[in-house]
Amino acid sequence: MARKKIGLFMNEISQFFQEAFGKALASAVAERDMDLIAYASYGAYSCPYGRNLLSEMGKKNIIHLPDYSTLDAIIALPNSFDIPGMEAEFFEIVKANATCPVICLQNDISDRYPEFYSITIANRETMYEMTKHVIDVHGCTDIRYMSGPFDSKDSPDRLKGFELAMEEAGLTIGPNTVFEGNYWINRGPQALDFFIEGSDGYPQAVICANDYMALSICDELKKRGKKVPEDVCVTGFDGIREGKHYDPPLTTVMISPQEYARAAVQLIDRLFAGEDCEHVLTLSGGFRQRQSCGCDGKGKKHPYDETVDLRKLIDTEGLLREVGKMTGDFQGRFDLDNTLSIADFYFGTLGCSNGYLCLCEEGDTPMMSIEQNRVFTDEMKLVQSMRAGERLLADIVNEKFDRRDILPPRFFDDDRPQTLILFPIHYKNKEYGYLAMKARPGEWPNSLTDTYINELSSAMENHYYQNRFSEFEEIKRIAETDPLTGLYNRRGFEKSLSSVLAKREREGSAGIGVSIASVDMDNLKTINDEHGHHEGDFALITLANTLKACIRDGEVCARFGGDEFSVILINGQPDRPEVFAKEFAALLANASDASGKPYPIHASLGISELKGRHTKDIVECMRKADADMYANKRSYKGLQ
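From a predicted model like this one, the values you see are computed outputs, not experimental measurements.

Conventions adopted
- Residues numbered from 1 in each chain as written.
- Predicted model: local features only at pLDDT ≥ 70, side-chain atom pairs only at ≥ 80, totals over all residues.
- Heavy atoms only, no water.
- Salt bridge = Lys/Arg side-chain N within 4 Å of Asp/Glu carboxyl O.
- Helix = DSSP H or I, 4+ residues; strand = E, 2+ residues; numbered from the N terminus.
- Axes fitted to C-alpha atoms, helices over the stretch in contact; angles between N-to-C directions.
- Parallel < 35°, antiparallel > 145°, perpendicular 65-115°, else oblique.
- Left-handed = near helix turned anticlockwise from the far one by under 90°.
- Contact = heavy atoms within 4.5 Å.
- Nonpolar A, V, L, I, M, F, W, Y, C, P; charged D, E, K, R; others polar.
- Disulfide = S-S within 2.5 Å.
- Buried < 20%, exposed > 50% of the residue type's maximum accessible area, 1.4 Å probe, protein only.
- Core = buried A, V, L, I, M, F, W, Y, C linked by side-chain atoms within 4.5 Å.
- Pairing = 2+ DSSP bridges.
- Right-handed = clockwise from strand over helix to strand, strands pointing away.
- Phe/Tyr/Trp six-rings, centres within 6.5 Å; stacked < 30°, edge-to-face > 60°.
- Expected span 1.5 Å × (residues − 1).
- 1 Å grid on protein atoms, 1.4 Å probe; cavity = no way out; pocket = protein on both sides within 12 Å on 5 of 7 lines; lining within 4 Å.
- Points joined across faces, edges and corners; volume = space filled by probe spheres on them.

A. Summary view of the pattern of salt bridges. As enumerated under the stated definition, the model contains 32 salt bridges in all. Measuring nitrogen to oxygen at the nearest pair gives 3.6 Å for the salt bridge that ties K400 to E361. Of this pair, K400 sits in strand 17 (residues 395-402) while E361 sits in the loop between strand 15 (354-360) and strand 16 (379-387); the two residues are 39 residues apart in sequence, bridging distant segments of the chain. The closest approach of N and O atoms between R576 and E555, which form a salt bridge, is 2.7 Å. Of the two residues, R576 is situated in helix 17 (residues 576-595) and E555 in the loop between helix 16 (533-550) and strand 21 (556-561); the sequence distance between them amounts to 21 residues.

Structure representation (structure tokens):
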């Protein structure tokens, strides 16, 4: 019998809570011999010009990927759905297509979707207790509150708990008491400025609706010369890892991600057993009294593992270096095979053992994201299978399969349960497919995955337009080619020179020199004036064909315009420049004699060896080649 499949839906999966919850859920699901399929994305972000609406749509479209009828249970973290409209769209899709239990974590949705299950923390009651603690235990009466966004799901309940405790204690909530934060670490300065506006100094306490904002308050207080908790006591909410190791350790309220995972799978067990369960399960938050509010009077710091912190710093630095290299390697890729090779090369940096690139069928309307109920094609293609630790050894699969299967059936392990995490590969609102990552126990995608997905998606878009507009190559050829002779023009020459130098360096043959020849046709003006421009064109074409006949593999010739030509020579042998010069002079003389024209076809030549690969080296090399060429031109004219 096929294993049961649990579908997990959440954004920003490398955030602390999502990662810890995902790992714990994967472990609990595996213990029950079930598969976990996580449909993941990275959430909304804004730029100086506002929200990236099309990109948000492309990320949100991950909820259109699954066949909901094949899932045996669904777990969602709508608090992580920070893309506007994503939550409502997700639940409408689930209502219309799922027949299994649906469990929502961290907030109560029973008023909107009474048929679904909720596992949540008692936000109002717990924030009430936190505020009471600050008032009753620490004697604070001048208290400020940093809320989350007023329109977020849990902010209103947490704010209400604060207001109830303040009202019960007879404390006034003034115009500068409540500041609307953003649940992140970048608004501490604005919040403190808001709190002290019109007052004589800083408040006795700042209560924050989450830990990230509390840490931003603590950091800013330190910058302003204030001590926590001696001058201002600070509390948070949610219990993130950073708060535990902060100095001073942060007083907070938490239900661990592991507790949420345990509660979710226990509810699934009961539902699978046919039990009639309450639709709302409220977990009691654990109150962690630490030094930031003035507790832990013995002055002991929370145990701090410097080894773990150093390991995290080293890992972060490594990921940052990979970002730069990855971005550079993906840039300007138009060829799908090349793009897939780069994707394989960097997959091992993402934190999971196996990866599978699955693409939509090209040419199908979902590639344009027109049909929003059919964003991904019904038939997908697994193009390559990748393994961490085996760079450039991906298996090229190119196997079609039914999208409802997620992967071709042979890629599922029959002997043991598994965890798959799926990310959309999209450019703006256009879906090209998805990346499936198989995570072994303890593995989880890291923060580099977001950059990887973005760069891969952009390269896929380049490939799409390469195929969509086949005339691109023709346009590119015209832009880099001299129309009369068919040789490269100056633009093509410069690009080719750069490629030649880069290739030789990659192949470890940087010690083999490169020379540049400067070639100038003699007496072209005389030919044009006395015999007509059509004869001048004939002479130029004859010269160009002679140059092409003289170059070897890897060498390049170009016409810069008028009577000027250049050649890139590879000095595989010490006498390559001399051999080229003699061969060119002999072949051109033969071509001139064979033409039967009343004028000689002759060119002066100068060659210089390139001493480096920088712009100044190239300029100096070409200057010397020109000087040599003009010296030979003067000698030729003296013999006429």
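B. Highlighting the packing of helix 1 (residues 16-31) against helix 9 (residues 257-272). Look at helix 1 against helix 9: their axes get within 8 Å of each other, and the N-to-C directions meet at 40°. Here helix 9 runs oblique to helix 1, going by the angle between their axes. For the pair helix 1 and helix 9, the sense of crossing is right-handed. Every residue of helix 9 that contacts helix 1 at F16, F17, A20, F21, A24, L25, A28 and V29 is listed here: P257, Q258, Y260, A261 and V265. Its residues assigned to classes, the contact of helix 1 with helix 9 shows 12 nonpolar, 1 polar and no charged.

C. Fine view of the state of the cysteines. On inspection of all chains with the given rule, the structure shows 0 disulfides. Between C104, a free cysteine, and C100, which holds the nearest cysteine sulfur, the sulfur-to-sulfur gap is 14 Å. Under the relative-accessibility criterion, C104 is labelled buried at 0%. There is no disulfide at C358, and the cysteine sulfur nearest it, in C360, is 9.7 Å away.

D. View of the nonpolar core. Counting 107 residues, the largest nonpolar core has F21, I75, I143 and Y452 as the members making the most contacts within it. Among residues more than four places away in sequence, those in contact with I143 are V134, I135, F162, M166, L171, T177, A205 and I207. With 41 residues, the next largest nonpolar core counts I74, I93, C104 and V397 among its residues.

E. Here's a closer look at the sheet that holds strand 13 (residues 280-283). Reading across the sheet, the 11 strands line up as 13-7-6-5-1-2-18-19-15-16-17 and stay open at both edges, with mixed pairing between neighbours. Each end of this open sheet is capped by a strand with a single partner; those strands are strand 13 and strand 17. The average undirected angle you get between the axes of adjacent strands in this sheet is 20°. With 4 bridges connecting them, strand 7 (residues 117-121) and strand 13 associate as parallel partners. The residue bridging S118 from the neighbouring strand is V280, located in strand 13.

F. Highlighting the pairing of strand 5 (residues 73-76). Here strand 5 shows a buried face lined by A73 and I75 and a second buried face lined by I74 and A76. Across 3 bridges, strand 5 lies against strand 6 (residues 102-105) in parallel orientation. Across the sheet, residue A76 finds its bridge partner in strand 6, namely C104. One crossover worth recording links strand 5 to the parallel strand 6 by way of helix 3 (residues 86-97), and it is right-handed.

G. Focus on the packing of aromatic side chains. A complete count under the given rule lists 22 aromatic pairs for this structure. When the centroid spacing of 6.3 Å and the interplanar angle of 75° are considered together, the rings of F179 and F195 count as edge-to-face. Highlighted residues: F179 in strand 9 (residues 178-180) and F195 in helix 6 (residues 188-196), separated in sequence by 16 residues. No difference in accessibility class separates F179 from F195, as the two residues are buried.

H. Spotlight on helix 11 (residues 336-347). In this model helix 11 runs 16 Å from its N-terminal to its C-terminal C-alpha over 12 residues, within 8% of the 16 Å that 1.5 Å per residue would give. The complete set of buried residues in helix 11 reads L336, T339, L340, I342, A343, D344, Y346 and F347.

I. Representation of empty space enclosed by the protein. Per the stated rule, a full pass over the model turns up 1 cavity of 30 Å³ or more. Empty space within the largest cavity amounts to approximately 70 Å³. Lining of the largest cavity is provided by S41, Y42, K59, F423, P424, H426, D450, I453 and N454. Only strand 18 (419-427) and helix 12 (448-468) provide two or more residues apiece to the lining of the largest cavity. Counted by class, the lining of the largest cavity contains 4 nonpolar, 3 polar and 2 charged residues.

J. Spatial organisation of unusual backbone geometry. Look at the link from V228 to P229: it is a cis peptide, with omega at 10°. With respect to the helices, strands and loops of the structure, P229 is situated in the loop between helix 7 (211-223) and strand 11 (233-235). Cis geometry is found at the peptide bond from D247 to P248, where omega equals 5°. For P248, the position within the fold is in the loop between helix 8 (241-245) and strand 12 (252-254). One non-glycine residue with positive phi stands out, namely D33, at about 60°. At Y183, a position not held by glycine, the phi torsion is positive, near 65°. Residue placement: Y183 occurs in the loop between strand 9 and helix 6.

K. Region of interest: the sheet that holds strand 11. Pairing within the open sheet is parallel, and its 4 strands lie in the order 9-8-10-11. Looking at which strands have only one partner, the edges of the open sheet turn out to be strand 9 and strand 11. Pairs of neighbouring strands in the sheet enclose a mean axial angle of 15°, with direction left out of account. Here strand 8 (residues 143-147) pairs with strand 9 via 3 bridges, running parallel. In the strand pairing of strand 9, S147 is matched with E180. Sitting on the sheet, helix 4 (residues 123-136) touches strand 8, strand 10 (205-208) and strand 11, and the angle it makes with strand 10 is about 170°.

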